[in-house]
Amino acid sequence: VFQMIQFQKDYEISASDKTALKINDEDLDTFRELGNIGAGNAGNALSQILNKKVLLEIPPAKLVPVSDAITGLAEKNTMLVGYAGFMKGFLESNIFLSLPVEDIENLLQIILDSDTKKELTKESDLNNTEKSAITEVFNILMGHYIAALSDFLKIKTEPPEYRFFFGKANNIFKALGADVTKDDTKAVVVETSIKVADGPVIRGKFIMFLNPSIVHKVIDRITEIW
């Protein structure tokens, strides 16, 4: 099951933020649907890889201070394995794919067709074959996620350069924070999750951080082509 990493607290959009950034609830719903489109495409790819039914869960998009969002993603100091990249061009945003380490163990067991599950505590526990298998799945999922957004918006996107990470959530997002924000800028956070219907539990999370200026470009683009 690709389950959500919950924020440590709920974030409400203040009236002043809505006015200053010219973002309303309908705009956030638009990005929730974009997350649905991207995750749906990635979910289909995962279903083919695992030969299992995949379901989607799309929580509401939120407008939050980026630094707070990163801190919130580190709840319970979870050990995560994943990818982090930056999309350039029209849909400029930071994008993440992360899975709890115990679910990476389940994923490896499925894709390598192993009778036993290997316990992982650090990145060096992965041999070359295992890491290659994980990164190939990550490449497929991220590629399908981004391709769906590109097709829907009828734009060209450059494939991001991803960084593989393995470690405690708070350390990962603290280290990545410098790449996401230089101040306490607010951004639209689009979260998407995928559930595998049967077999060993697999949980994961797609996250996009979009600057409000990009939000308005995307809304205008959707109005223009749809």
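Structural data are supplied above this passage.
On a predicted model such as this, the values are computed, not experimentally measured, just so you know.

Asks: Would you mind going over the pattern of salt bridges with me for this structure?
Replies: Close approach of charged atoms allows side chains with opposite charge to pair. On inspection of all chains with the given rule, the structure shows 7 salt bridges. Here arginine 203 and aspartate 103 are joined by a salt bridge, their closest N and O atoms 2.5 Å apart. With a gap of 100 residues between them, arginine 203 in the loop between strand 6 (186-196) and strand 7 (205-210) and aspartate 103 in helix 4 (residues 101-111) connect regions that are remote in the sequence. Given a relative accessible area of 21%, arginine 203 falls into the partly exposed group. According to the relative accessible area criterion, aspartate 103 is buried, its value standing at 2%. For the salt bridge of lysine 122 with aspartate 125, the shortest nitrogen-to-oxygen distance reads 3.1 Å. Using a relative accessible area of 18% as the deciding quantity, one classes aspartate 125 as buried.

Asks: Sorry, what's going on with the packing of aromatic side chains here?
Replies: Each pair of aromatic rings is reported with the distance of its centres and the angle of its planes. Throughout the structure, instances matching the rule amount to 5 aromatic pairs. Here tyrosine 83 and tyrosine 162 contribute two aromatic rings whose centre-to-centre distance is 4.8 Å and whose plane-to-plane angle is 15°, an arrangement assigned as stacked. Note that tyrosine 83 is positioned in strand 3 (residues 79-87) and tyrosine 162 in the loop between helix 5 (128-153) and strand 5 (163-168), a separation of 79 residues in sequence. By relative accessible area, which is 7% here, tyrosine 83 ends up buried.

Calculation rules
- Numbers given to residues run from 1 along each chain, matching the order in which its sequence is written.
- Selection of residues for local features in this predicted model requires a pLDDT of at least 70, selection of side-chain atom pairs for listing and counting requires 80 or more, and totals for whole chains, interfaces and linings are taken over all residues.
- Processing note: side-chain calculations cover all non-hydrogen atoms of the structure and skip hydrogens and water entirely.
- Salt bridges, as used here, are contacts in which a Lys or Arg side-chain nitrogen is within 4 Å of a carboxyl oxygen on Asp or Glu.
- Per the convention used, a helix needs a DSSP run of H or I reaching at least four residues, while a strand needs a run of E reaching at least two, with both numbered from the N terminus.
- We call a residue buried when its accessible area falls under 20% of the maximum for its residue type, exposed when it is over 50%, and partly exposed in between, using a 1.4 Å probe and counting protein chains only.
- Only Phe, Tyr and Trp rings are paired, with Trp represented by its six-membered ring, and only when their centres lie within 6.5 Å; those with planes under 30 degrees apart are stacked, over 60 edge-to-face, the remainder tilted.

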